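Survey of secondary and tertiary structure
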Amino acid sequence: MTPRAEQSTLRTRTCIGCGAQQHKQGLLRIVRTPDGPVFDPTGKANGRGAYVCNRACLEKARKAKRLQRALKSDVSNEDYERLVQCMDEFASCMDER
Ligand SMILES: [Zn+2]
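Described below are features of the structure shown in this document. (Residues numbered from 1 in each chain as written. Predicted model: local features only at pLDDT ≥ 70, side-chain atom pairs only at ≥ 80, totals over all residues.)

**Here we look at helix α4 (residues 77-89)**
Here is the rule: Under the DSSP-based scheme used, a helix requires at least four consecutive residues in state H or I and a strand at least two consecutive residues in state E, with every element numbered from the N terminus. In a helix, the anticipated span is given by 1.5 Å times the number of residues less one. Burial in this document is a count-based property: other C-beta atoms within 10 Å of a residue's C-beta are tallied, and the residue is buried at 20 or more, exposed at 12 or fewer, or partly exposed in between, with C-beta positions derived from the backbone. This arc corresponds to the set of directions leading from the helix axis out to the C-beta atoms. We call two residues in contact when the distance between their C-beta atoms, placed using the backbone, is within 7 Å.
Taking 1.5 Å as the rise per residue, α4 with 13 residues should run 18 Å; its terminal C-alpha atoms sit 19 Å apart, in good agreement. Looking at α4, one finds that the buried residues are Asp79, Leu83 and Cys86. Within α4, the buried residues cover an arc of 70° as seen down the axis, which keeps them to one side. What points out from α4, more than 90 degrees from its buried face, is the exposed set Asn77, Glu78, Glu81, Gln85, Asp88 and Glu89. Packing partners of the buried residues in α4 comprise β3 (28-33), β4 (36-40) and α2 (55-63).

**Thoughts on unusual backbone geometry**
One non-glycine residue, Lys65, lies in the positive phi region at around 55°. Turning to its location among the elements, Lys65 is positioned in the loop between α2 and α3 (66-71). The exposed category is assigned to Lys65, around which 10 C-beta atoms lie within 10 Å. Within the chain, Lys72 stands out as a residue other than glycine whose phi angle is a positive 50°. Tracing the backbone through its elements, the reader meets Lys72 in the loop between α3 and α4. Take Lys72: there are 9 C-beta atoms within 10 Å of it, and that puts it in the exposed class.

**Regarding α2**
Looking only at α2, the buried set comprises Cys57, Leu58, Ala61 and Arg62. The buried residues of α2 occupy one face: seen down the axis, they fall within an arc of 150°. Away from its buried face by more than 90 degrees, α2 exposes Ala56 and Lys63. Its buried side turned inward, α2 meets β5 (49-52), α3 and α4.

Below you can see the structure in the form of C-alpha cells.
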C-alpha cells in the first residue's frame, strides 16, 4: 500500500487552529474559490481546503495567519467575517451568490 492510499483510508485531517488530528467528518472545511475562501458544509467542494474544529479554532488560525498559509491565498477581514457568519448558519456562502 502506498503512503497516499493509507492516508485516504484514515481520512484524518489536521485542524489549522489547534493542530489536532480528527476524522474529516468532525471538522469544518474551508475551501478556496476564485472569490475567496468560503465555508464548505458538504466537505466536497473542489479546490484547496483547510479544516478547523470550530469557530474558536478559526479565530486561532486567524491570529496566527494559518489560513492564508493553508490555502496559499490572501484572506481578508471580510473573508473571515463571512466564514464566521456561514459557520453560524451552517450554510454555504457559495449558494447565496
Ligand atoms: Zn481545532
